[in-house]
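For reference, the chains in residue letters:
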Amino acid sequence: MGNSRKSRSPDSVVAARGLLAKGSRVLLGLSGGLDSIVLLHVLKNLESAIGFSLACVHVNHKLSRNAESWVGFCENQCRMLDVPILIEEVDIFPYLSSGIEAAARMARYAVFERLEADHIALAHHLDDQAETVMLQLFRGAGPDGLAAMGERMPFGDKILLRPFLSLSRKELENYALEKRLEWIEDESNADPAYDRNYVRHMLFPVIEKRFPAFRETVSRSALHFAESARLLDELAKIDASGAIREGCLDLSVLDRLSASRAGNLLRHYLALKGLRMPSSRRLAEMLKQLASKSACVAHDGCEIRCYRGFVHVVKALPVSVDFRKSWAGESSMAIPELGGILHFEKGEEGLDPEKLFEVNVRGRCGGEHFRFHAQRPTKRLKHAFQEKGVPPWQRERIPLLYCRDRLVWVPGLGTDPDYRAVPGKPGLLPRWAPI
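Being a predicted model, the structure only gives us computed values, none of them experimental.

K.L.:
Would you take a moment to explain the pattern of salt bridges for this structure?
P.N.:
Two side chains carrying opposite charge are able to pair once their charged atoms lie near each other. Counted by the stated rule, this structure contains 26 salt bridges. Where Glu303 meets Arg305, a salt bridge forms, and the shortest distance between an N and an O atom there is 3.0 Å. Taken individually, Glu303 and Arg305 each receive the classification buried, so the pair is uniform in this respect. Residue Asp418 pairs with Arg406 through a salt bridge whose shortest N-O separation is 2.7 Å. One end of the pair, Asp418, is in the loop between strand 20 (414-415) and strand 21 (427-434); the other, Arg406, is in strand 19 (residues 406-410), with twelve residues separating them in the sequence. Of the residues examined, Asp418 reaches a relative accessible area of 36% and is grouped as partly exposed. Overall, Arg406 belongs to the partly exposed group, its relative accessible area being 30%. Among the ionic contacts, a cluster of salt bridges with common partners joins Arg25, Glu116 and Asp118.

Structural data, given as structure tokens:
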């Protein structure tokens, strides 16, 4: 490693961190490599002393010709230590657009997410942390990305634990050699075509000659970035207080903030909606369009839109096309053109079933008129939607129910008075359910 510091025992380091709780269920991600094998032995040594229960999961990505032998090796290691192990096969194809490394990680973490445990223990160490910070730096990441990996992080209903983050790979190797442990070597770890391997094998040896302790200092920088990210998150929560109503963001709040704080608040809002974080350039474009009060920005399968002073996040759907579907009395009918299902429920309100002949469902084409009151003329749907405050993108994606060529029902607006159910007699109530 090029560092003269005294090697520390992983057993004592993990025990001193106090990450493992009595009575908790700990699931170790076991690859069979040096790092995870050392963590397996360390956790097994601490299991009875602390009082947690240990199990392992080996994820077979099926990427190597040696994958099946790795499965057998991990099973044998756990059998010798009397530790339960699950073997999970995954298909990385759905994630391949992100690259092989990222796809394998995403598939692996999807397994971790669905398995039952209190803690997921991973064997990432000091060298891994330094590599991650460097890779994030090269990608132009912000504080969140440069914070890299945390020792203890929320993960759905579980907690991700990385007890080895303060230990170097050399310290883990010394422990493994001293205990005469066996491990496997993934041949792909030597291939510099992968970014992480290039950083590890080509870049780090050069940096180490000049800065022997760079792993520790880079890891320390990650802690500083993590603190900055937490402060930015706290600031976003302060700015978001009272600015988010019914899932929408008050545009006037964004307008009052500086560009940096507005961007920070918008990131926070998008995170609350479960969306991926946009790049800095993309975020700036979003803010620019939102300032025009007529934004429609596509992002992560959704659209960022403005209406009456509020920012909305809506699912992106195909533009509505002119269509007509006949209704033959079924209780529900799927309308993929509008992205939803139209249900017909029996009740004491709604449409009079005895008046429903040649019923069909259509999409909006524009210019439609609807009768709200028996003694008043019809009104244009566009004006009725505006009065009700229905956003334009919702108006485009609603089904209209016709009896022959007369519009008799509109979601959110009601039923033509001539077609309403007679009081005291059963009616048919349509209900639109967007998916």
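Having seen the model, we can carry on.
K.L.:
What is the right way to read the nonpolar core from this model?
P.N.:
Soluble globular proteins tend to bury their nonpolar side chains together. Of all hydrophobic cores here, the largest spans 34 residues; its most connected members are Leu28, Leu30, Val38, Leu40, Leu43, Leu54 and Phe164. Considering every element that reaches this core, the biggest residue donor is helix 2 (residues 34-51), with eight residues. Apart from residues no more than four positions distant in its own chain, Phe164 is found in contact with Pro10, Val14, Asp35, Val38, Leu39, Val42, Ala123, His124, His125, Leu126 and Leu172. Within the second largest apolar cluster, 23 residues are counted, among which are Ala240, Ala243, Ala262 and Met286.

Thresholds applied
The written sequence of each chain sets the order in which its residues are numbered from 1. Given that the model is predicted, a residue must reach a pLDDT of at least 70 before its local features are reported, and side-chain atom pairs must reach 80 or more before they are shown or counted; all residues, however, enter totals for whole chains, interfaces and linings. Hydrogens are left out, water is left out, and the side-chain values use all remaining heavy atoms of the structure. When a carboxyl oxygen of Asp or Glu lies within 4 Å of a side-chain nitrogen of Lys or Arg, that pair is called a salt bridge. Residue burial is assigned from relative accessible area. The probe radius is 1.4 Å, only protein chains are included, and a residue is buried under 20% of its type maximum, exposed over 50%, and partly exposed in between. In DSSP terms, a helix is any run of H or I states spanning at least four residues, a strand is any run of E spanning at least two, and both are numbered starting from the N terminus. Within this scheme, the nonpolar core is defined by two criteria: the residues are buried Ala, Val, Leu, Ile, Met, Phe, Trp, Tyr or Cys, and they are joined through side-chain atoms within 4.5 Å. We call two residues contacting when some pair of their heavy atoms lies within 4.5 Å.

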